[in-house]
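Residue-level listing of the chains:
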Amino acid sequence: MKTISLKTSVPGPKGQKLMEERRRYVARGPFHSTPIFAARANGSTLEDVDGNKFLDFSCGIGVTNLGHCNPDIVNAVKEQADQFLHTSFNIVPYASYVEVCKLLTEHAPGNYDKKAFLVNSGAEAVENAIKIARAHTKRNAIVCFDHAYHGRTYMAMTLTSKTKPYKYGFGSLNSDVYRYAFPYEYRWPTEGDVSEECFKIFVDSVTSQISPDAVAAVILEPVQGEGGFVVTPKKFMQKLRDFCTSHGIVLIADEVQTGFGRTGKVFAMEHYGVAADLITTAKGLGGGLPIAGVVGKAEIMDAPMDGGIGGTFGGNPLSCAAALAVFKQMRGGFVLKNAEMITSVLEKTLDSYKDKFSCVGDVRGLGPMRAIELVKDRKSKEPNKELAGAITKECYQNGLIVLSAGTYGNVLRLLVPLTISKEELEEGMGVLEQAIKKLS
Ligand SMILES: Cc1ncc(COP(=O)(O)O)c(C=O)c1O
């Protein structure tokens, strides 16, 4: 039986009316990739105010990895709401915050003592990871990479690569931030070994422009999220790890988008055989509730003085209850097993697109975190942003919510719920394939 059910054209009349109100009362800045208004959501599906039922392959940008309104998460939040809503961990602590930190330390790769602390958003986690790294090393310079996305607060925005819309017009950025080439294999300008060549650029640049002993941290995403699901090659990560170790530099893995099963493991760093010193986490950790954190080497995490890091809402009790339910399901086995099914279906389907559609320049990913890069011409690799936009529109008009990404806006990224059934997955991929076929 089909899951998608459309009762009106998309957006429907109620959605259109709400959008008029939205335009009137909500600032222009926040963008919607899908012009519908949510009424309710469950598992892999989302129903809009016009009664249209969509398959959601966005998971609210990689958050509801365990499906919408996962019953364990909803029950945990309801139970916590009956106990207390807020005390502020900085005023009166509570056990669930400590338990979330304990679980983060147990799951983050790295064979050493770890500690964690909690905040509200991915950007806030990034800000704090940088503060902790600077406090620990007593150095200033931070190295980040092309195509990176780390959030919208000032340091996170400075670390983010793309100017429009993220940085444009917002004034001075933070100082002591250096950006170097990222090993983007598909767009690497030579036929050589991308990891070797890119690492050489990195070492030469750090040495000549900064000096390794002045670098506090190197931050990167194991798989670039907003950058278009570009996977950091294992060799490059391992070389970075060695370099950071030999120069006392803190290696930060920004796992805000890659965490909590998105790449088939709790943390994507598990694929790399080396550990970061600090990991930033958010999104999937709360399964739909706002929570984020930094986890890493205890001696580094303890660098800020008492009261040096924190905030009013960080690790809110409702969010901690949700995170504990997320961890329980991560440990339960089904989610990561189902991620294997998703990986194999997506890998096979996307590989077939390379043969079927000349607009598909590259397909890539790690585990179920998969993407399609669209080009105008395979030889020139000219990005086809317009086609990506048209396909996402065609998809939602036919009941599938899917997102674009990438520095050039030409990547379709699949963030499917990790609890999805094979039937739902195939139904959604059918809509996507029809859209590509029609528009390419
Ligand atoms: C890798 C990465 N870091 C940081 C962020 C910022 O997270 P938030 O939007 O929760 O501030 C994001 C958000 O997409 C992300 O993908």
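Predicted model, so just to flag it, every value in this text is computed and none were measured. (Residues numbered from 1 in each chain as written. Predicted model: local features only at pLDDT ≥ 70, side-chain atom pairs only at ≥ 80, totals over all residues. Heavy atoms only, no water.)

### Notes on unusual backbone geometry
- Residues Val10 and Pro11 are joined by a peptide bond in cis, for which omega reads 0 degrees.
- By secondary structure assignment, the location of Pro11 is in the segment before α1 (13-25).
- That bond from Lys164 to Pro165 is cis: its omega, 10 degrees, falls within 30 degrees of zero.
- The backbone phi angle of Lys138 is positive, close to 55 degrees, even though this residue is not glycine.
- By the element assignment, Lys138 lies in the loop between α5 (122-137) and β5 (141-145).
- Relative accessible area serves as the criterion here: at 73%, Lys138 is assigned to the exposed category.
- Despite not being glycine, Phe260 shows a phi value in the positive range, around 55 degrees.
- For Phe260, the position within the fold is in the loop between β10 (250-254) and β11 (278-281).
- Overall, the relative accessible area of 0% leaves Phe260 in the buried class. (Helix = DSSP H or I, 4+ residues; strand = E, 2+ residues; numbered from the N terminus. Buried < 20%, exposed > 50% of the residue type's maximum accessible area, 1.4 Å probe, protein only.)

### Considering the site of the ligand
- Close to the ligand lie Ser121, Gly122, Ala123, Tyr149, His150, Gly151, Glu221, Glu226, Asp254, Val256, Gln257 and Lys283.
- Between the ligand and Gln257 there is a distance of 2.8 Å, counted from an oxygen atom to a side-chain nitrogen or oxygen.
- Between the ligand and Lys283, the relevant distance is 3.0 Å, taken from an oxygen atom to a side-chain nitrogen or oxygen of the residue.
- A total of 390 Å² of accessible area belongs to the ligand in isolation, and the protein chains cover 83% of it.
- Residues belonging to the shell around the ligand are distributed by class as follows: three nonpolar, five polar and four charged. (Near = heavy atom within 4 Å. Polar contact = N/O pair within 3.5 Å; in protein donor to acceptor, adjacent residues only side chain to side chain. Areas by Shrake-Rupley, 256 points an atom, 1.4 Å probe, with all protein chains shown as cover. Nonpolar A, V, L, I, M, F, W, Y, C, P; charged D, E, K, R; others polar.)

### What about α5?
- With 16 residues, α5 extends 23 Å between its outermost C-alpha atoms, agreeing within 8% with the 22 Å of an ideal straight helix rising 1.5 Å per residue.
- Listing the buried residues of α5 in full gives Gly122, Ala123, Ala125, Val126, Asn128, Ala129, Ile130, Ile132, Ala133 and Thr137. (Expected span 1.5 Å × (residues − 1).)

### Observations regarding the nonpolar core
- If you look at the biggest cluster of nonpolar residues, it comprises 129 residues, and the most contacted ones within it are Leu104, Phe202, Val218, Ile372, Leu425 and Leu432.
- A domain-level breakdown of this core finds at least three residues from each of domain 1 (13-62 + 338-439) and domain 2 (72-332).
- Among all residues touching Leu104, those that are not within four sequence positions of it are Ala116, Leu118, Phe260, Phe267, Thr281, Leu285, Val295 and Phe327.
- Val10, Ile36, Leu46 and Phe54 belong to the second largest nonpolar core, which has seven residues in total. (Core = buried A, V, L, I, M, F, W, Y, C linked by side-chain atoms within 4.5 Å. Domains from an automatic or database assignment. Contact = heavy atoms within 4.5 Å.)

### So, the domain arrangement of the chain
- Entries for the chain in the domain assignment read domain 1 (13-62 + 338-439) and domain 2 (72-332).
- The centre of domain 1, based on its C-alpha atoms, is set 26 Å off from the matching centre of domain 2.
- With 30 residues of domain 1 in contact, the opposing surface of domain 2 contributes 24 residues.
- Three residues, Leu366, Met369 and Thr407, lead the burial of domain 1 against domain 2; their summed loss comes to 31% of the area buried on that side.
- Our count for the contact surface shared by domain 1 and domain 2 stands at two salt bridges.
- Remark: the boundary between domain 1 and domain 2 carries 16 residue pairs in polar contact (both at pLDDT 80 or more).
- Those elements that place two or more of their residues in the side of domain 1 that touches domain 2 are α2 (59-62), β13 (360-366), β14 (369-377) and β18 (411-414).
- Its residues assigned to classes, the side of domain 1 that touches domain 2 shows 16 nonpolar, eight polar and six charged. (Buried area = accessible area lost by both parts, 1.4 Å probe. Salt bridge = Lys/Arg side-chain N within 4 Å of Asp/Glu carboxyl O.)

### With respect to the pairing of β10
- Within β10, five of the five residues are buried, which leaves the element mostly enclosed by the surrounding structure.
- Taking every second residue as pointing to the same face, both faces of β10 are buried, with Val250, Ile252 and Asp254 on one and Leu251 and Ala253 on the other.
- Across four bridges, strand β7 (residues 215-220) lies against β10 in parallel orientation. If you follow Ala217 over to β10, its bridge partner there is Val250.
- In the sheet, β10 pairs with β11 via three bridges, with the strands oriented parallel. What sits directly across from Ala253, in β11, is Ile279. (Pairing = 2+ DSSP bridges.)

### Some thoughts on the packing of helix α7 (residues 194-210) against helix α8 (residues 234-247)
- Following both chains from N to C, one finds α7 and α8 inclined at 25 degrees, their axes separated by 9 Å at the closest point. The angle between the axes of α7 and α8 places the two elements in the roughly parallel class. Between α7 and α8 lies a crossing whose hand is right-handed. Facing Ser195, Glu196, Cys198, Phe199, Phe202, Val203 and Val206 of α7, the residues of α8 in contact are Lys235, Phe236, Lys239, Leu240 and Phe243.
- In terms of residue class, the contact of α7 with α8 is made up of eight nonpolar, one polar and three charged. (Axes fitted to C-alpha atoms, helices over the stretch in contact; angles between N-to-C directions. Parallel < 35°, antiparallel > 145°, perpendicular 65-115°, else oblique. Left-handed = near helix turned anticlockwise from the far one by under 90°.)

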